[in-house]
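Observations on the three-dimensional arrangement
Listed here are the chains, written in short residue letters.
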Amino acid sequence: MRFLTVLLSLSLAGPAAAATRPFSVDDLVAFDRVSDPQLAPDESRLVYALREADVAANKATQGLWELRLDREGAAPRRLTAKGQSSVHPRFAPDGSRLYFLSARAGSMQIYALDFGGGEARAVSSLPLDVGSFVLAPDGQRIAFSLEVYPECGADLACSKQKLDADASEKASGTLHDKIFVRHWDTWKNGTRSQLFIADLDADGAIVGAPRLLTRGIDGDVPTKPFGDAGDYHFAPDGRSLVFVARIAGKSEPWSTNTDLYRVATEGEAAPELLTAEYPGYDGTPVHSADGRKLYWRSMARAGYEADRYRIMERDLASGATREVAAGWDRSPDGINLSADGRTIYTWADNLGQRPLFAIDVKSGKATAISGPGAVSGLSVGKRRVIFARDDLDSPADLYSLPTGRSNAQPTQLTRFNAERLAALRFGAFEQFSFKGWNDQDVYAWIVKPANFEAGKKYPIAFIVHGGPQGSMGNSFHYRWNPQTYAGQGFAAVFVDFHGSTGYGQAFTDSIRMDWGGKPLEDLRKGMAAALARYDFLDGSRACALGASYGGYMMNWIAGNWPDGFRCIVNHAGIFDSRFMSYSTEELWFDEWEQGGPQFVNPANYEKQNPVNHVANWKTPMLVTHGMLDFRVPFEQGIAAFTALQRRGIESQFLWYPDENHWILKPQNSLQWHRTVEAWLKRWTQ
């Protein structure tokens, strides 16, 4: 069997001797987390958001910080008060002030901070919470999103009155006449996120009544649940704006068809549909600096949320449209144009890494420029590109690369958590490959125990990622971090099985209607390959862990690989595929994966349905679930636990009334990890 080994900054030779204790979940939840770096227009300063956890108070807040790039050795400076969450920093076009969102006064409003001095001040006092905003190129207007009742139109007082009336209503029932009654972790109340525009005075404050831009759009702008200000973009002259919307209607839960619309920022004209010919997802619109072209990401296939994103370019005068980098078999996350319009910067999963790519707009050539690790957060200036990067043994820091130089090395700008990291020992890590399903190359990773000693054997934490169209590779994760298990004395092994991203779209597509087939074969062969390659692994003391699709695989392993593991941890896993198809909110997911609705193709839902193999279950299992999980509903976890208990299999059930598909609160995360660690140790020691 052939192996391909990729050695990274920390090889299997071992961690730095200066570390004093193994990394733990206590360290994980306490780390500061950087996001959303923003370059000033003149590139003299960098502003970013930093999440700081107050573990004792069971909360985390985001503050804004500034780093001067025009001053040698400058230290970061806090811009907003500690303990007051502030997000989405954006510079005024002239760089004189910073706009951001904060709920410090009880309602989420837009604030401004002048760099010439003074305190931050609210520049909006709207009766509703502001969800997102984008400044016009001339800085004289601002577009923003609000949750309103469609029947109220631009009358914000009407929406506020209806919200207050609903809150005070003594009867608690809500009547619906179409599905999508809940989404992600929120019950629908009849409101829609809509886009408004308002003028700004000389001090940057909103003046006059906001005007509704998304007139007649029956859909959320930004899209839900994870849409943001990247869903709308001003033309350079400010006279129009392009936004993303999925028209709701009764088909919204089974349609991935989002479209781009263009609307004039003055007058009462209805938005113009730009992408009627594209049946899949269209989003992240970006205008060229001269306003002649529009770029966006587009999926070709309807109903498929993990199709390859194509970068599209349209000449707005002629309507001529082409795909940029049509031969690049990767799926870009975002579009960031260089100042001269010749380069698109983006990141994408790629063979277990997530590097920054520079794409030549004319030729379509894509070049990875950031080195190993996982890139997120991007700000592109004329002279430099700023990005965040993390990897398996370091949380994210900010880096800079000069534009126009593909061979340059990134310069590290920040060292968050440096004092904490100096006291920690991480597990050494390595990537390897093996022959999986159909004798095709499959990639995997191993992380050594943090206290590794040559000649000893170690238990295994075998982690299966979710998605299923995702990737678990060289990145620092805050929910499924292999280093937390390495710190507890386990070797962590994880495989990018068929269906994973970053290996070409055909590899990603291959899992469709075969959730328990190719992936299970890859996982079994991956475990065998790891045991053959690494003599410190004790295959007789292995536990499997997974969430979401990974949780589905835990239930599937329980019935189809029952002798593979000492124990199983199943978080938010699908137990009954048939019931899942009628209880999840985004129906398009199951309907694509199983080849249609359950009532059309019932056999597809049953052929690899974990519930049909419960008679084979015998492995002890810990089941965990959040009650606000509407993606994989809570009852799936209850059902799995019921099956275990009814069969007399050793099992536990940990649930959270205040968590969704993810476990996010600091104290809940601590409890979850400690419960999981105790379960693993119980069965492997």
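What counts, and where the lines are drawn
- Residues numbered from 1 in each chain as written.
- Predicted model: local features only at pLDDT ≥ 70, side-chain atom pairs only at ≥ 80, totals over all residues.
- Heavy atoms only, no water.
- Salt bridge = Lys/Arg side-chain N within 4 Å of Asp/Glu carboxyl O.
- Helix = DSSP H or I, 4+ residues; strand = E, 2+ residues; numbered from the N terminus.
- Buried < 20%, exposed > 50% of the residue type's maximum accessible area, 1.4 Å probe, protein only.
- Pairing = 2+ DSSP bridges.
- pLDDT = per-residue confidence, 0-100.
- Contact = heavy atoms within 4.5 Å.
- Axes fitted to C-alpha atoms, helices over the stretch in contact; angles between N-to-C directions.
- Parallel < 35°, antiparallel > 145°, perpendicular 65-115°, else oblique.
- Nonpolar A, V, L, I, M, F, W, Y, C, P; charged D, E, K, R; others polar.
- Disulfide = S-S within 2.5 Å.
- Core = buried A, V, L, I, M, F, W, Y, C linked by side-chain atoms within 4.5 Å.
- Phe/Tyr/Trp six-rings, centres within 6.5 Å; stacked < 30°, edge-to-face > 60°.

**Re the pattern of salt bridges**
- All chains considered together, the criterion is met by 39 salt bridges.
- Across the pair Arg420 and Asp32 runs a salt bridge whose closest N-O atoms are separated by 4.0 Å. Of this pair, Arg420 sits in helix 3 (residues 418-422) while Asp32 is found in the loop between helix 1 (25-30) and strand 2 (33-39), placing the two residues 388 residues apart along the sequence.
- In this structure Asp32 comes out as buried when scored by relative accessible area, which is 16%.
- Among the ionic pairs, Arg682 bridges to Glu650, the shortest N-O distance being 3.1 Å. On the criterion of sequence distance, the pair formed by Arg682 in helix 12 (residues 666-684) and Glu650 in the loop between helix 11 (634-646) and strand 40 (651-656) is long-range, its members being 32 residues apart.
- Glu650 gets classed as partly exposed once you look at its relative accessible area, which sits at 42%.
- Each member of the salt-bridge network shares a partner with another, and the members are Glu147, Arg192, Asp218, Asp220, Lys224 and Glu252.

**With respect to the environment of Leu135**
- By the secondary structure assignment, Leu135 is in strand 10 (residues 130-135).
- Overall, the relative accessible area of 12% leaves Leu135 in the buried class.
- For the pair Leu135 and His183, spaced 48 residues apart in the sequence, the C-alpha separation amounts to 29 Å.

**Quick look at the pairing of strand 26 (residues 356-360)**
- Burial analysis of strand 26 places 4 of its 5 residues in the buried class, the great majority of the element.
- Bridge count between strand 25 (residues 343-347) and strand 26: 5 bridges; the pairing is antiparallel. Opposite Thr343, over in strand 26, you have Asp360 as the bridge partner.
- Where strand 26 and strand 27 (residues 366-368) come together, 3 bridges link them in antiparallel fashion. Bridge pairing links Ala358 to Thr367 in strand 27.
- Hairpin remark: strand 26 followed by strand 27, antiparallel, with 5 residues in the connecting loop; positive phi at Gly364, about 85 degrees.

**Overview of the confidence of the model for the chain**
- When the pLDDT values of the chain are averaged, the result is 95; 97% of them are 70 or greater.
- Overall, residues 1-17 carries pLDDT values under 50, and its contacts beyond four positions in sequence, including any with other chains, amount to 43 contacts.

**Description of the packing of helix 6 (residues 518-533) against helix 7 (residues 549-560)**
- Viewed as axis vectors pointing N to C, helix 6 and helix 7 meet at an angle of 75 degrees, and their least axial separation amounts to 11 Å. As judged from the angle between their axes, helix 6 and helix 7 are roughly perpendicular. When helix 6 is examined against helix 7, the residues Pro519, Leu520, Leu523 and Arg524 are found in contact with a partner set consisting of Tyr549, Met553, Trp556, Ile557 and Asn560.
- Of the residues belonging to the contact of helix 6 with helix 7, the class tally is 7 nonpolar, 1 polar and 1 charged.

**Description of the state of the cysteines**
- What the rule picks out here adds up to 2 disulfides.
- A sulfur-sulfur separation of 2.0 Å characterises the disulfide bridge that pairs Cys152 with Cys158. An S-S torsion of about -55 degrees defines the bridge between Cys152 and Cys158 as left-handed.
- Residue Cys152 is classed as buried on the basis of its relative accessible area of 9%.
- A sulfur-sulfur separation of 2.0 Å characterises the disulfide bridge that pairs Cys543 with Cys567. Judged by the torsion about the S-S bond (120 degrees), the Cys543/Cys567 disulfide is right-handed.

**A word on the sheet that holds strand 26**
- Spatially, 24-25-26-27 is the arrangement adopted by the 4 strands of the open sheet, whose pairing is antiparallel. The sheet terminates laterally at strand 24 (333-337) and strand 27, the two strands that pair on one side only. On average, each strand axis in the sheet is inclined to that of its neighbour by 25 degrees, with strand direction left out of account.
- With 3 bridges connecting them, strand 24 and strand 25 associate as antiparallel partners.

**Some words on the nonpolar core**
- If you look at the biggest cluster of nonpolar residues, it comprises 54 residues, and the most contacted ones within it are Phe462, Leu537, Met553 and Trp617.
- At 7 residues, helix 7 tops the list of elements feeding residues into this core.
- Those residues in contact with Trp617 that sit more than four places away from it in its chain are Asn555, Ala558, Gly559, Phe575, Pro610, Ala640, Ala643, Leu644, Arg647 and Ile649.
- Within the second largest apolar cluster, 26 residues are counted, among which are Met472, Trp480, Leu545 and Val676.

**What about the packing of aromatic side chains?**
- One pass over the structure, following the stated rule, counts 43 aromatic pairs.
- Ring centres 6.4 Å apart and planes at 85 degrees place the aromatic pair Phe462 and Trp561 in the edge-to-face group. Here Trp561 lies in the loop between helix 7 and strand 38 (567-571) and Phe462 lies in strand 35 (residues 458-464), a separation of 99 residues in the sequence. You'll find Phe462 and Trp561 in the same group, each marked buried.
- Where Tyr549 meets Tyr552, the ring centres are 5.4 Å apart and the plane angle is 25 degrees; that geometry is what we call stacked. Placement of both Tyr549 and Tyr552 in helix 7 is noted, with a separation of 3 residues, approximately one turn of the helix.

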